[in-house]
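Now for the letters of each chain:
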Amino acid sequence: MLELRDVDVFIDASQILRKVTLSAGESEAICLVGRNGAGKTTTLRTIMGYRRPAAGTITFKGEAIGGLPTHAIAARGIGFAPEDSGVFADLSVAENIEIATWTRPGGRPAAERLALAYEIFPRLRGYAARGGAQLSGGERKMLSIARALALDPDLLVLDEPFEGLSPAIIPLIGESISAITRLGRTIVIAESNIHHVPAWTRRLYVIERGEIIFAGTLDEAHRDRAVLRVIGGRAS
Ligand SMILES: Nc1ncnc2c1ncn2[C@@H]1O[C@H](COP(=O)(O)OP(=O)(O)O)[C@@H](O)[C@H]1O
Ligand SMILES: [Mg+2]
């Protein structure tokens, strides 16, 4: 579904990503784990076309997408929930979700996509008329993912969906994300705390200083010395 191979990214003169290679198969959830500044957001933003790879390839459904403009990448079926949620404060919850149905017209009807977003995040249904500014941090995270889902994507890219959330709400959002994979969608999650990686995540990549230093299962990660050195010792 998605494959990055040897992707290098520079910001100004600094090399931020070094030969990043990762892949996510159909209806698979993978997690990119690394501490702050490791290069997670840069990796996701490069997938989304906000950054251009200086070298390497990015393919989605077998087609090269590296360097395409963001709107063209979204139109191919990749939804993005950014780190800061990117909720439009002046729009209602329903309008925030509906916007995505205009970004990628065609395919499933808008009403069906809205219904699915509310089915995955039932709490948002009750808040449909509420302004984006009147939501808690957790609700903004939900809305950001719901909006990405309303694009009707085959792949969802989620930047730190659990960041700043109370321990009570993390499993709730995790369950919603898991439900999205059961619909057959592929998910790439960036996460800075290995203890927040959901148990159902099939594969994990660890990034450190712009390099992938580990690829394997969550269990293997917990036993890997290099991984433990970088992120394993941190409490949740
Ligand atoms: N706009 C930018 N200008 C300069 N440096 C940046 C910019 N964005 C990110 N970086 C640098 O790139 C590195 C990776 O950042 P980022 O991808 O945001 O990491 P993460 O999401 O893992 O915390 C950091 O060293 C950061 O300082
Ligand atoms: Mg980040």
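Asker: What is the right way to look at the overall build of the protein in this model?
Answerer: From N to C terminus, the protein includes nine helices and ten strands. Taking the principal axes of its C-alpha atoms as reference, the protein extends roughly 50 × 40 × 30 Å. Buried residues in the protein amount to 42% of all 236 residues.

Asker: Any chance you could explain the nonpolar core here in plain terms?
Answerer: Counting residues in each nonpolar core, the largest one holds 61 residues, and the members touching the most others are A117, A146, V157 and V206. A per-element tally of this core places helix 6 (residues 137–150) first, with seven residues. The residues touching V206, leaving out its near neighbours within four places in the chain, are V33, G34, I213, F214, A221, V227, V230 and I231.

Asker: Would you take a moment to explain the sheet that holds strand 5 (residues 63–64) for this structure?
Answerer: One key point about sheets: their strands pair by backbone hydrogen bonds, in either a parallel or an antiparallel sense. If you walk across this open sheet you meet the four strands as 2-1-4-5, and the pairing is antiparallel. Two strands close off the open sheet at either side, each with one partner strand: strand 2 (14–24) and strand 5. Sheet contacts for helix 1 (residues 40–47): strand 1 (2–11), strand 2 and strand 4 (55–60); angle to strand 2, the most-contacted strand, approximately 70°.

Asker: When you look at the site of ligand 1 in this model, what are you seeing that I'm missing?
Answerer: In the vicinity of ligand 1, the contacting residues are I11, I16, G34, N36, G37, A38, G39, K40, T41 and T42. Of the residues forming the shell around ligand 1, the biggest block, three residues, is contributed by helix 1. Looking at the shell around ligand 1 residue by residue, the classes come out as three nonpolar, six polar and one charged.

Asker: Is there a simple way to think about the pairing of strand 2 in this case?
Answerer: The side chains of a regular strand alternate between both faces of the sheet. Pairing analysis gives seven bridges linking strand 1 to strand 2, with the strands arranged antiparallel. Note on strand 2: the bridge partner recorded for L2 is A24. Hairpin connection, strand 1 to strand 2: the antiparallel pair is bridged by two residues, and D12 has positive phi, about 55°.

Asker: Sorry if this is basic, but what is going on with unusual backbone geometry here?
Answerer: Working note: non-glycine residues mostly have negative phi, and peptide bonds are mostly trans. Although it is not a glycine, S85 adopts a positive phi angle of roughly 70°. Locating S85 in the fold gives a position in the loop between strand 6 (78–81) and helix 3 (93–103). Here the phi dihedral of E160 falls at roughly 50°; this positive angle occurs in a residue that is not glycine. On the basis of neighbour counts, which here come to 23 C-beta atoms within 10 Å, the residue E160 falls in the buried class.

Asker: Teacher, can you tell me more about helix 6 here?
Answerer: Structurally, the α-helix is built with 3.6 residues per turn, so residues lying three or four positions apart point the same way. With 14 residues, helix 6 should reach 20 Å at 1.5 Å per residue; the first-to-last C-alpha distance of 20 Å fits that figure. The buried fraction of helix 6 amounts to twelve of the 14 residues, a majority that puts the element mostly inside the structure. Every buried residue of helix 6 is accounted for by E139, R140, K141, M142, L143, S144, I145, A146, R147, A148, L149 and A150. Residues of helix 6 that are buried sit in contact with strand 6, helix 3, helix 4 (110–120), helix 5 (122–125), strand 7 (155–159) and helix 7 (170–182). One or two steps after helix 6, the chain reaches D152, where phi turns positive at roughly 65°.

Asker: Quick question: what am I supposed to make of the environment of S144 here?
Answerer: Inspection of the secondary structure assignment puts S144 in helix 6. When the 23 C-beta atoms within 10 Å are taken as the criterion, S144 is described as buried. For S144 and S85, which are 59 residues apart along the polypeptide, the C-alpha to C-alpha distance reads 5.2 Å. Setting aside chain neighbours within four positions, we find S144 in contact with A81, S85, G86 and V87.

Asker: Can you help me understand helix 3 in this one?
Answerer: By the burial criterion, the buried members of helix 3 are V93, N96, I97, A100 and T101. Relative to the axis of helix 3, the buried residues are bounded by an arc of 150° and lie together on one face.

Asker: Whenever I open this one, the packing of helix 3 against helix 6 confuses me. Can you help?
Answerer: Helix packing for two helices is described by the angle between their axes and how far apart those axes are. Put simply, helix 3 and helix 6 touch, their axes get as near as 7 Å, and they point 30° apart. When the axes of helix 3 and helix 6 are compared, the pair comes out roughly parallel. When you trace helix 3 past helix 6, the crossing you get is right-handed. Here V93, N96, I97, I99, A100 and T101 of helix 3 come into contact with helix 6, specifically with L143, A146, R147, A148 and A150. Residue composition of the contact of helix 3 with helix 6, grouped by class: eight nonpolar, two polar and one charged.

Asker: Before we go on, may I ask you to explain the packing of helix 4 against helix 6 in this structure?
Answerer: Put simply, helix 4 and helix 6 touch, their axes get as near as 9 Å, and they point 145° apart. For the pair helix 4 and helix 6, the crossing hand works out as right-handed. Contact residues: R113, L114, L116, A117 and I120 in helix 4; A146, L149 and A150 in helix 6. Classifying every residue of the contact of helix 4 with helix 6 gives seven nonpolar, no polar and one charged.

What counts and how
- Residues numbered from 1 in each chain as written.
- Chains lettered and ligands numbered in written order.
- Predicted model: local features only at pLDDT ≥ 70, side-chain atom pairs only at ≥ 80, totals over all residues.
- Helix = DSSP H or I, 4+ residues; strand = E, 2+ residues; numbered from the N terminus.
- Buried ≥ 20, exposed ≤ 12 C-beta atoms within 10 Å, placed from the backbone.
- Core = buried A, V, L, I, M, F, W, Y, C linked by C-beta atoms within 7 Å.
- Contact = placed C-beta atoms within 7 Å.
- Pairing = 2+ DSSP bridges.
- Axes fitted to C-alpha atoms, helices over the stretch in contact; angles between N-to-C directions.
- Near = placed C-beta within 6 Å.
- Nonpolar A, V, L, I, M, F, W, Y, C, P; charged D, E, K, R; others polar.
- Expected span 1.5 Å × (residues − 1).
- Arc of directions from axis to C-beta.
- Parallel < 35°, antiparallel > 145°, perpendicular 65-115°, else oblique.
- Left-handed = near helix turned anticlockwise from the far one by under 90°.

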